[in-house]
Structures are given as structure tokens and as C-alpha cells.
Amino acid sequence: MATTHRELYDAIVVGAGIQGCFTAYHFAKNKRKVLLLEQFFLPHSRGSSHGQSRIIRRAYPENFYTKMMEECYQIWAQLENESGTKLYRQAGLLILGRKEEAELRVIQDNLSKHGVEHKFFNTEELKRYFSNIQLSRGEVGVWESSGGVLFADKALRVLQDLIRQLGGVIHDGEKVAEIKPGFPVTVTTTIRTYQAKSLIITAGPWTNQLLLPLGIQLPLQTLRINVCYWKEKVPGSFGENFPCFVGSFPHLAPHHIYGLPSREYSGLVKVCYHHGNKADPDERDCPSASPDLADVQLLRSFVRDYLPGLQPEPSIMERCMYTTSPDENFILDRHPKHNNIIIGAGFSGHGFKLSPVVGKILYELSMESTLSYDLTPFQIRRFQPLDKASL
Ligand SMILES: Cc1cc2nc3c(=O)[nH]c(=O)nc-3n(C[C@H](O)[C@H](O)[C@H](O)COP(=O)(O)OP(=O)(O)OC[C@H]3O[C@@H](n4cnc5c(N)ncnc54)[C@H](O)[C@@H]3O)c2cc1C
Ligand SMILES: O=C(O)[C@@H]1CCCC=N1
């Protein structure tokens, strides 16, 4: 039987991925008593936040993400200063697509509206500036110079160090097995029972497992992503000057393809597909789960046609999980029946860069303080006409 821990925490955060870590960081920074629980021993590579690199960008078609990114850049810089660790490399970002695509125009308008430095490149200019990229269908691009790479694993590590330095508590290797709603909320792990004034669930692809006994299922898909790394034919040819890119190539794939100069493995470039196959996070790496490699096949075609300086066969393939909502917008809200249970989920493969503000919002929801952002796009109730999320 689990022993009961006497302390009453201001908050318990379930899940030490990037969203849970940033949430716990905001609690600790505001001198609140916080306990961060993680089912696996840290660091681990079973969820969505591992690996060395993630894209950071302000270039979004949605005004609300671009707005949130302003503060995200500030908090990422603050974290670099507090930890004395470099977490961001300004490699620049190219959004590629067909000239007639509405999304490119919307992104440009959005960047202009927010005063973000950017530049439109026609096909000829792209060929001149980015000779590594071969544009087979006359694509054009929007360049955002503040885009670049976040050092993901390092970010997790420095956040966990800072949480502890600021008085927060992290218990890893402790899976949350039971949540008893109420005030205080009672949380039982595989080891102990804890109590807190509020509970924040940032459990990535495991979110619905935790929510089921709490009477709610969110319309989330958990997808296994094949993370592919491609070898340079000429060593060094995709070095410091190669940017991050995100592109729409509808003749090849219905979802975006993106890439970034790899930090993970020297001489290899990370090029991935923004979609995957449905998978239970506990079975992600089961040899018996027959992998559908259609995503890798279309990446091979993409690399062969658009990045001819890379070998068209991945040298390394790793795995990661997306937890995708129907509109690919996040879920940042209270449990509909239990006011002091807060949910941060559905980061849909683009949540890393936004985690500083996600953590702040989850902190504000839990402390019932004034909200810094309009949370309408992130409410649970947006799904109910679409999807019978059972309450
Ligand atoms: C291949 C790939 C590329 C990506 N690229 C980008 C990018 O370029 N830019 C970007 O901004 N974003 C990107 N993302 C998305 C981003 O990484 C995710 O949105 C983000 O990591 C989600 O973090 P999370 O904390 O919600 O989930 P997770 O990292 O999965 O964390 C959830 C944690 O909860 C723990 N947990 C679950 N259940 C329990 C329990 N019962 N008890 C205790 N602990 C529990 C899990 O073990 C896990 O550690 C990418 C994602 C992937 C997979
Ligand atoms: O969030 C990002 O920038 C990346 C690239 C586009 C698709 C998802 N993740």
C-alpha cells in the first residue's frame, strides 16, 4: 500500500515533458510549492519531448500563436540567462509552398501585423540563396530570420535543474495510478499518496488514460512519428548555412514536410513528415506493431527531388509521439466538472516552442489569476458539437 506524504502542495503536475516542466518552473519561480511527477526515470525517450532539436518560429497562420511566440522568445532567452546554457540557434526559417497557396499569404500578413521581420522569395531568389534546395514545382518562400533551432534535451535538463533550485520537487519513476478529485485533490502513485490544492495534467499521449477515471475523454489521436536523418553526399554541404524549413508539397503529401540542420548526428540532416501512424504510447516500440512506412516512402521521394545533396535513404530512424487534436490547436482548460484539475494536452506536433507560455497559462488557470491570453481557441467545449467527448 502507498504511504501518504503529509505536505499539502499548491500544485501537483503530472508528466515531466516540456509542458509539465515549464508549468512546474512557473510555480517554483512564483514561490509556490510544486511537485512534478514523472512515470519514467529521467531523462527518457518514450514521450514527445526528447531529442536534441525542435523548430522555433513566429511564422504561423494563426494570429494567437504568433502573439504567444513574442513572450515565448523572451522566456527562452530568460532561461538561457538563468541557466547559463545556450538553448537557441538562430538558423532562420523558410516556409515553402506554391505561389497560389492561401496559407503563405496568411502567414505573411500575420508576420507583418506583428511587426516580425520577414521576406518573400520568388523561385529564382530561393534557388540563388538556398542552392541545396531544388524546387521542382516552382515553389516560393517566406523567410523568417528569427526562426531556428531549440536545443530540446538541454531545455528539459536546465528546467528540471531550475525547478529543484527554486524549491520545487521532482519525483521520477513514479507513475500516477489514481486521482481522487476534491479539495485537496489526492494523487496516488506507484509509491506514495500526495495532496495538493490543484492538479495539472500534462501527460502527453497518456492524457486520455488519466482522464478516463475522471469521466472525460478528449478527441485526441496518438501518432507514432518516424524521425528520419539523411546523410549529406558531400560532408559539410548542409552545414551552418542550411536553414530550418517547413513546406507544403501537395503533389507528394497531404501534410507538411519539415527539416532542420541536425545537431544530433554530424553530417545528417533531420527531415520529417508532420504526420504518423496511430499508436498506443505504451506500444510505440513493440516489434510486433507492424510499421506502416508510407510516411518514410514519401520522405524518400521528397529528399530525392528537393534535397538532391542528401542520400535518399534515411541513415537513422528514431521514434517520437504526437498527440493531435482535431483542429491541431492545443487544449488548455479546466476539467469541466473539477475546477482545480487543469489539462494541457493536444500539442499536435508543434508545442515545444510554445511551452514557456503554455506553462504560464496552466499556472494562471490553476492559481485562478488573471489570464494573460484569450483561451477561446484552446477550450475543451469547442469539440462538443464535432465529437461526443463523453462527460
Ligand atoms: C518528431 C517530433 C518533432 C517535433 N517537432 C517540433 C518542432 O519542431 N517544434 C515544436 O515546437 N514542436 C515540435 N514537436 C512537438 C513537441 O515536441 C510536443 O508538442 C511536446 O514535446 C509535447 O510535450 P508534452 O509535455 O505535452 O508531452 P510529453 O513530452 O509526452 O510529456 C508527457 C509526460 O507525461 C508522463 N506521464 C504520462 N502519464 C503519466 C502518469 N500516469 N504518471 C506520471 N507521468 C506520466 C510521460 O511519461 C511523459 O514524460 C515535435 C514532436 C515530435 C514527436
Ligand atoms: O512546430 C514546428 O515548427 C514543426 C514544423 C512544422 C510541423 C510541426 N512541427
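Higher on the page you've got the structure.
Notes on the structure follow. Predicted, not measured: the structure shown is a model, and the values here were computed from it. (Residues numbered from 1 in each chain as written. Chains lettered and ligands numbered in written order. Predicted model: local features only at pLDDT ≥ 70, side-chain atom pairs only at ≥ 80, totals over all residues. Heavy atoms only, no water.)

Here the focus is empty space enclosed by the protein. Considering all chains together, one arrives at one cavity of 30 Å³ or more under this definition. Its boundaries defined by the atoms lining it, the largest cavity holds a volume of some 30 Å³. Considering the residues around the largest cavity, the lining is formed by Leu223, His274, His275, Tyr322, Thr324, Glu328 and Ser348. Class assignment of the residues belonging to the lining of the largest cavity gives a composition of two nonpolar, four polar and one charged. (1 Å grid on protein atoms, 1.4 Å probe; cavity = no way out; pocket = protein on both sides within 12 Å on 5 of 7 lines; lining within 4 Å. Points joined across faces, edges and corners; volume = space filled by probe spheres on them. Nonpolar A, V, L, I, M, F, W, Y, C, P; charged D, E, K, R; others polar.)

Along the chain, Glu38 falls in the loop between strand E2 (34-37) and strand E3 (53-56). Among buried Asp, Glu, Lys and Arg side chains, Glu38 stands out as unpaired, with Arg46 the closest opposite charge at 8.8 Å. Residues within four places of Glu38 in sequence aside, it is in contact with Gly15, Ala16, Gly17, His44, His171, Asp172, Gly173 and Glu174. (Helix = DSSP H or I, 4+ residues; strand = E, 2+ residues; numbered from the N terminus. Buried < 20%, exposed > 50% of the residue type's maximum accessible area, 1.4 Å probe, protein only. Lys, Arg positive; Asp, Glu negative; His and termini not counted. Salt bridge = Lys/Arg side-chain N within 4 Å of Asp/Glu carboxyl O. Contact = heavy atoms within 4.5 Å.)

Let us look at the site of ligand 1. Residues in close proximity to ligand 1 total 37 residues, the closest being Glu38, Ser49, Ile55, Cys320 and Lys353. Between Ile55 and ligand 1, the recorded distance is 2.7 Å, taken from a backbone N or O atom to an oxygen atom. Lys353 places a polar side-chain atom, nitrogen or oxygen, 2.7 Å from an oxygen atom of ligand 1. Coverage of ligand 1 by the protein amounts to 97% of the 1000 Å² it exposes when considered alone. Within the residue set of the shell around ligand 1, elements represented by two or more residues are helix H1 (18-29), E3, strand E13 (221-231) and strand E18 (316-324). By residue number, the principal contributor to the shell around ligand 1 is E18, which donates three residues. Taken together, the residues that form the shell around ligand 1 break down as 19 nonpolar, 13 polar and five charged. (Near = heavy atom within 4 Å. Polar contact = N/O pair within 3.5 Å; in protein donor to acceptor, adjacent residues only side chain to side chain. Areas by Shrake-Rupley, 256 points an atom, 1.4 Å probe, with all protein chains shown as cover.)

On to the packing of aromatic side chains. Per the counting criterion, the structure on display carries 23 aromatic pairs. Note on Phe64 and Phe378: the rings are 5.5 Å apart at their centroids and 85° apart in plane angle, and the pair reads as edge-to-face. Of this pair, Phe64 sits in helix H2 (residues 63-83) while Phe378 sits in the segment after helix H8 (355-367), and the two are 314 residues apart along the sequence. Residue Phe64 is classed as partly exposed on the basis of its relative accessible area, which comes to 23%. According to the relative accessible area criterion, Phe378 is buried, its value standing at 1%. (Phe/Tyr/Trp six-rings, centres within 6.5 Å; stacked < 30°, edge-to-face > 60°.)

Moving on, we get to the site of ligand 2. Taken together, Ile55, Arg57, Val246, Tyr258, His274, Gly349, His350 and Lys353 make up the full set of residues near ligand 2. Between an oxygen atom of ligand 2 and a side-chain N or O atom of Arg57, the distance comes to 2.6 Å. Within the side chain of Lys353, a nitrogen or oxygen atom sits 2.5 Å from an oxygen atom of ligand 2. Burial of ligand 2 by the protein amounts to 94% of the accessible area it has alone, namely 260 Å². Looking at the shell around ligand 2, its residues break down into three nonpolar, three polar and two charged. When we break the shell around ligand 2 down by domain, the ones giving at least three residues each are domain 1 (3-49 + 153-217 + 327-381) and domain 2 (74-150 + 221-324). (Domains from an automatic or database assignment.)

Each pocket or cavity is described by its volume, and for the second largest pocket that value is around 220 Å³. Contributing to the lining of the second largest pocket are 14 residues, with Asp333, Arg334, Gln379, Ile380 and Arg381 lying nearest its centre. Element by element, the count of residues in the lining of the second largest pocket is highest for strand E19 (residues 331-334), at three residues. Here the lining of the second largest pocket is composed, by residue class, of seven nonpolar, three polar and four charged.

With that settled, the discussion passes to the pairing of E13. A regular strand places its side chains on the two faces of the sheet in alternate fashion. Taking burial as the measure, the eleven residues of E13 include nine buried ones, the bulk of the element. Examined bridge by bridge, E13 and E18 share nine bridges and lie antiparallel to one another. In the sheet register, Tyr229 faces E18, and the bridge partner there is Ile316. Here E13 runs beside strand E17 (residues 277-278); their pairing, made up of two bridges, is antiparallel. Each bridged residue has a counterpart across the sheet, and for Arg224 the counterpart in E17 is Asn277. (Pairing = 2+ DSSP bridges.)

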